[in-house]
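Understanding the architecture of this molecule
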Amino acid sequence: MSDFTNGFWSWYIGAISLVSILGCGWLLWVAGKAKVTVQAGQVADNTTGHVWDENLQEYNNPLPRWWMWLFILTIVFSLAYLVIFPGLGSFSGSLKWSTEGEHKQDLTSMRAQVAPLYAEFAVQPAEALAKDPRAMAIGERLFMNNCSQCHGSDGRGSKSYPNLTNANSAWLGERGAAHIVQTMTQGRTGVMPAMGAAIGGDAEISQLANYVLSLSASPHNEIKAFSGKKLFSACAACHGMDGKGNKALGAPNLTDDYWLHGWGEAAIANIVKNGKNNVMPAQASNLTAEQIHVVSAYVLSLSRSGLPGEPARPAAPASPPKPP
Ligand code: HEC
Ligand code: HEC
């Protein structure tokens, strides 16, 4: 209960709650004590004097006992509840119970349940885990919950979100468990500087873009590409003289047909002019080190299935292990 920014509101809400409950008790007491006032000329026949539909009279009988006790019980219950559980302003209750605390407790007991399984996984290299259907079932679920919103449920990514099922040559980093674990733990930021001014005007940028297209044998304008070649020396520091990229810098291979930020002259001209700051947030606060290890094996298996010469991913077991 830390939502109150100042003590006054805690007291204010607490007072309203208490006054309402005590008000109910008071109402009950007053209603029980109220006497019918007999006016001059009336007979004291225990009616309120209200008459409807010619002869329907309202009697002034006391509340039924059971009903009154139920009412009193409700009041006692509310007061006891407010002593035990949080409800009175920022008073946290004698049990110190909170939804957050309950969630943490659930999480701890769940983690304790799956700890032996994770301990077994932790001592195996990711390569071996990628062949274990139990680890892959858990890895898939963790991937769906933590990665799929950006990388797609099949890991194929989308514009600016890398496809994780590619061959190594199309990866920004060196495909492998170490790179995947590091990316998840620390996040990554791919920085392509804005280089429009360094290259020149739109004409030069168009020439350069056509040269970049020629690197992957994509359709391009030969003459422009010829003039663009010398401009590429400004890019070679990161993307390499041959345009094959530099994994240590995260500079992508420009000679393949995988385009993280879109294909074509316009997309290339755009990234040259405006640069790109591509951020993957670190996941270490969502996932434990053991979970990251399992997800890295899952991503490794994703990145390999279907590629020539790579093992296929093991099928999920009929009844997957309990979720971590
Ligand atoms: C908020 C979006 C987002 C989420 C969530 C996310 N990623 Fe990423 N991821 C990115 C972006 C953007 C990049 C590219 C960063 C760059 O350009 O360097 C990336 C890069 C990567 C890379 C490096 C790819 C390469 O080509 O080298 C790996 C591996 C990766 N993510 C795995 C994961 C895993 C596993 C998860 C889930 C635990 C995850 N990501 C969650 C956005 C995300
Ligand atoms: C300082 C290093 C650096 C320099 C210099 C640089 N780039 Fe890049 N470039 C990068 C990085 C890093 C990325 C990937 C950004 C990301 O992670 O999303 C990138 C991405 C790109 C892409 C997108 C590739 C794709 O798959 O969509 C193109 C195209 C590109 N650069 C072209 C160029 C050209 C042309 C030049 C020269 C004018 C150049 N770059 C200069 C680092 C550099």
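Source: prediction; values computed, not measured.

Rules and cut-offs
Residues numbered from 1 in each chain as written. Chains lettered and ligands numbered in written order. Predicted model: local features only at pLDDT ≥ 70, side-chain atom pairs only at ≥ 80, totals over all residues. Heavy atoms only, no water. Near = heavy atom within 4 Å. Polar contact = N/O pair within 3.5 Å; in protein donor to acceptor, adjacent residues only side chain to side chain. Helix = DSSP H or I, 4+ residues; strand = E, 2+ residues; numbered from the N terminus. Nonpolar A, V, L, I, M, F, W, Y, C, P; charged D, E, K, R; others polar. Domains from an automatic or database assignment. Buried < 20%, exposed > 50% of the residue type's maximum accessible area, 1.4 Å probe, protein only. Donors = N, O, S within 2.8 Å, 3.2 Å for Na, K, Ca; no water. pLDDT = per-residue confidence, 0-100. Contact = heavy atoms within 4.5 Å. Buried area = accessible area lost by both parts, 1.4 Å probe. Salt bridge = Lys/Arg side-chain N within 4 Å of Asp/Glu carboxyl O. Tetrahedral: all angles 85-135°; square planar, octahedral: opposite > 155°, others 65-115°. Phe/Tyr/Trp six-rings, centres within 6.5 Å; stacked < 30°, edge-to-face > 60°.

Some details on the site of ligand 1
For ligand 1, the set of nearby residues contains 25 residues, the closest of which are Cys147, Cys150, His151, His179 and Met280. Within the backbone of leucine 172, a nitrogen or oxygen atom sits 2.8 Å from an oxygen atom of ligand 1. The contact in question runs from an oxygen atom of ligand 1 to an N or O atom on the side chain of asparagine 278, over 3.2 Å. Secondary structure elements with two or more residues in the shell around ligand 1: helix H6 (148–151), helix H7 (177–186), strand S3 (188–192), strand S4 (276–280) and helix H13 (289–304). Residues belonging to the shell around ligand 1 are distributed by class as follows: 14 nonpolar, 10 polar and 1 charged. Shared between two domains, the shell around ligand 1 holds at least three residues of each, these being domain 1 (106–187 + 281–304) and domain 2 (190–280).

Considering unusual backbone geometry
Even without glycine at this site, serine 160 takes up a positive phi of about 75°. Checked against the element boundaries, serine 160 lands in the loop between H6 and H7. Positive phi values are uncommon outside glycine, yet alanine 217 reaches one of about 55°. Its relative accessible area of 67% is what places alanine 217 among the exposed residues.

As for the coordination of the iron atom of ligand 1
For the iron atom of ligand 1, the full set of protein donor atoms is His151 (NE2) and Met280 (SD), and the range of their distances to it is 2.0 Å. Taking the relative accessible area as the measure of exposure, methionine 280 reaches 22% and is therefore partly exposed.

A few points about the site of ligand 2
In the vicinity of ligand 2 lie 25 residues, with Met192, Cys235, Cys238, His239 and His261 positioned nearest. Interatomic distance of 2.5 Å between a side-chain N/O atom of histidine 261 and an oxygen atom of ligand 2. When residues of the shell around ligand 2 are traced back to their parent elements, those giving at least two are S3, helix H9 (202–215), helix H11 (233–239) and helix H12 (265–274). The biggest single contributor to the shell around ligand 2 is H11, with 4 residues.

What about the confidence of the model for the protein?
It should be kept in mind that the predicted coordinates are not to be read in detail where pLDDT is low. Considering every residue of the protein, the mean pLDDT works out to 89; 91% of them sit at 70 or more. This model gives residues 316–324 a pLDDT under 50, and the stretch forms 20 contacts once residues within four places in sequence are excluded.

Notes on the domain arrangement of the protein
Often the size quoted for an interface is simply the accessible area lost on bringing the parts together. Looking at the assigned domains, one finds that the protein contains domain 1 (106–187 + 281–304) and domain 2 (190–280). Between the C-alpha centres of domain 1 and domain 2 the distance comes to 31 Å. Each partner contributes to the interface: domain 1 provides 21 residues, whereas domain 2 provides 14 residues. For the pair domain 1 and domain 2, the two sides together bury roughly 1300 Å², of which 55% comes from carbon and sulfur. The largest share of the area that domain 1 buries against domain 2 comes from Ser160, Leu172 and Pro281, three residues that together contribute 41% of it. On the surface where domain 1 and domain 2 come into contact, there are 0 salt bridges. Remark: the boundary between domain 1 and domain 2 carries 7 residue pairs in polar contact (both at pLDDT 80 or more). Looking at the side of domain 1 that touches domain 2, its residues break down into 8 nonpolar, 11 polar and 2 charged.

Here's the deal with the coordination of the iron atom of ligand 2
As a benchmark, a tetrahedral metal site with four donors has ideal angles of 109.5 degrees, while an octahedral site with six donors has ideal angles of 90 or 180 degrees. The coordination sphere of the iron atom of ligand 2 contains the protein donors Met192 (SD) and His239 (NE2), at a distance range of 2.0 to 2.1 Å. Metal-centred angles of 87 to 179° between the 6 donor atoms at the iron atom of ligand 2 mark the site as octahedral. Separated by 47 residues along the polypeptide, methionine 192 in strand S3 and histidine 239 in helix H11 bring together distant segments of the chain.

Details of the packing of aromatic side chains
A full pass over the atoms with the stated rule returns 10 aromatic pairs. When the centroid spacing of 4.9 Å and the interplanar angle of 75° are considered together, the rings of phenylalanine 8 and tryptophan 9 count as edge-to-face. Given the relative accessible area of 49%, phenylalanine 8 is considered partly exposed. Classification of tryptophan 9 by relative accessible area gives partly exposed; the value is 41%. Look at phenylalanine 85 and tryptophan 97: their rings are 6.0 Å apart centre to centre, the planes differ by 85°, and that puts the pair in the edge-to-face class. Taken together, the residues span a long stretch of sequence, with phenylalanine 85 in the loop between helix H2 (65–84) and helix H3 (99–122) and tryptophan 97 in the loop between H2 and H3 at a distance of 12 residues. Judged by relative accessible area, which is 25%, phenylalanine 85 ranks as partly exposed. Taken together, the ring pairs connect Phe77, Tyr81, Phe85 and Trp97 into an aromatic cluster.

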